[in-house]
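Chain by chain, the residues run as shown.
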Amino acid sequence: MKNNKLIVALDVDDIKEAESLVDGLQSIVSIFKIGSRLFTAYGPEVIKMVNGKGCRVFLDLKYHDIPTVIADSVRMAGRHDVFALTLHTLGGREMLERSVSVESRPLLWGVTVLTSMNNEDLKTMGVNRDVGEEVLSLAGLARSAGMDGVVCSAREIEAIRKEVGGQFMVVTPGIRPAGSAEDEQKRVMTPKQAITKGATYIVVGRPVIKADNPHEAAENILREIE
Ligand code: C5P
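Cut-offs and rules
- Residues numbered from 1 in each chain as written.
- Predicted model: local features only at pLDDT ≥ 70, side-chain atom pairs only at ≥ 80, totals over all residues.
- Heavy atoms only, no water.
- Helix = DSSP H or I, 4+ residues; strand = E, 2+ residues; numbered from the N terminus.
- Contact = heavy atoms within 4.5 Å.
- Axes fitted to C-alpha atoms, helices over the stretch in contact; angles between N-to-C directions.
- Parallel < 35°, antiparallel > 145°, perpendicular 65-115°, else oblique.
- Left-handed = near helix turned anticlockwise from the far one by under 90°.
- Buried < 20%, exposed > 50% of the residue type's maximum accessible area, 1.4 Å probe, protein only.
- Phe/Tyr/Trp six-rings, centres within 6.5 Å; stacked < 30°, edge-to-face > 60°.
- Lys NZ or Arg CZ within 6 Å of the ring centre and 35° of its normal.
- Pairing = 2+ DSSP bridges.
- Right-handed = clockwise from strand over helix to strand, strands pointing away.

Asker: Just checking my understanding: could you explain the side chain of Thr 172 for this structure?
Answerer: By the secondary structure assignment, Thr 172 is in strand β7 (residues 169–172). Discounting chain neighbours no more than four positions away, the residues touching Thr 172 are Cys 152, Ser 153, Ala 154, Ile 157, Ala 199, Tyr 201, Ile 202 and Val 203.

Asker: How do you make sense of the packing of helix α1 (residues 15–25) against helix α11 (residues 214–225) when you look at a structure like this?
Answerer: Between α1 and α11, whose axes approach to 9 Å, the crossing angle comes to 50°. On the basis of their axis angle, the class for α1 and α11 is oblique. In this structure, the crossing between α1 and α11 has a hand that is right-handed. Residues Leu 21, Gly 24 and Leu 25 of α1 lie in contact with α11, whose contacting residues are Pro 214, His 215 and Ala 218.

Asker: How should the environment of Val 135 be read in this particular structure?
Answerer: Structurally, the position occupied by Val 135 is in helix α7 (residues 131–144). Overall, Val 135 belongs to the buried group, its relative accessible area being 1%. Among residues more than four places away in sequence, those in contact with Val 135 are Thr 112, Val 113, Glu 156 and Ile 160.

Asker: So what exactly am I meant to see when it comes to the packing of aromatic side chains here?
Answerer: To describe a pair of aromatic rings, one takes the distance between the centres and the angle between the planes. Summed over all chains, the structure comprises 3 aromatic pairs. An angle of 45° between the planes, with centres 5.6 Å apart, marks the rings of Trp 109 and Tyr 201 as tilted. Of this pair, Trp 109 sits in strand β5 (residues 107–111) while Tyr 201 sits in strand β8 (residues 201–204); the two residues are 92 residues apart in sequence, bridging distant segments of the chain. For the pair Trp 109 and Tyr 201, a shared accessibility class is recorded, and that class is buried. One aromatic cluster is present, formed by Phe 58, Phe 83, Trp 109 and Tyr 201 through successive ring pairs. Against the face of Phe 83 rests Arg 56, its NZ or CZ located 4.3 Å from the ring centre.

Asker: I tried to follow the sheet that holds strand β1 (residues 6–9) on my own but got confused; where do I start?
Answerer: Through backbone hydrogen bonds, the strands of a sheet pair up, either in parallel or in antiparallel fashion. Within the closed barrel, the 8 strands sit side by side as β1-β2-β3-β4-β5-β6-β7-β8. Their pairing is parallel. Each strand of the sheet is rotated relative to its neighbour by a mean of 25°, with strand direction disregarded. Here 3 bridges tie strand β3 (residues 56–63) to strand β4 (residues 84–88), and the two strands are oriented parallel to one another. Paired with Leu 59 across the strands is Leu 85, a residue of β4.

Asker: Mind showing me how you'd approach the environment of Leu 122 here?
Answerer: Relative to the elements of secondary structure, Leu 122 occurs in helix α6 (residues 119–124). For the pair formed by Leu 122 and Met 169, sequence separation is 47 residues and the distance between their alpha carbons is 25 Å.

Asker: Mind showing me how you'd approach the pairing of β3 here?
Answerer: The side chains of a regular strand alternate between both faces of the sheet. The element β3 is largely enclosed, with a buried count of 6 among its 8 residues. Sheet topology places strand β2 (residues 31–35) next to β3; 5 bridges connect them, and they run parallel. If you follow Ile 34 over to β3, its bridge partner there is Leu 59. Handedness of the crossover joining β3 and β4 through helix α4 (residues 67–79): right-handed.

Asker: Would you mind showing me how to read the pairing of β5 here?
Answerer: Among the 5 residues in β5, 4 count as buried, and that is most of the element. In the sheet, β4 pairs with β5 via 5 bridges, with the strands oriented parallel. When the sheet's bridge partners are listed, Thr 86 is paired in β5 with Trp 109. Where the polypeptide runs from β4 across helix α5 (residues 93–100) and back to β5, its parallel neighbour, the crossover connection is right-handed.

As structure tokens, this is what we get:
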């Protein structure tokens, strides 16, 4: 049972720990998220480790810089056989379009507004519309710039689907299987709710990697979304 809709976040400090998670899950999970924590510590070695086990890498480094620097970084990610990569849509249209036009590149997923931010935070940055409107507007920018999808919170899936249509990928963290700890997550959704609402992929970290039995935890999620 290898369901590609589940991405497991390798949010750990140590590459050996990441490797044992991949070893334990690879029979049922094929995509693993590597974030800035593990990548800062190990660099491309950690990409190689995941690829070497026949799995794919979602590199969540949320790039945001001048267009030429980001387009070159996207090219490098392609060279390292990264499956998908995140860019901040706030980097602007030219940064996104230049990245999209890179040959042999990973899938490019846009980050809109970080789920840790609310309307007050946006105001301090001079953005006066509410989070929902800002997210939709940035998702529209991602789509029109030719990106492959966006990362968004589960509560935004439906509105984004309406805005961008069915083909665009919608990738959703903030997922909690029914009955599990919510950690600091405030507005959570179950795996099934997120997939039913139109998520292409769900990203799950702690409910799997901190479980006593990560394989069993992942299997329960897969069973739920089958
Ligand atoms: O909460 P959990 O451990 O499942 O988080 C998995 C991933 O989802 C994290 O690596 C983080 O990048 C992302 N996340 C997010 N927004 C949140 C919480 C987590 O994007 N509010």
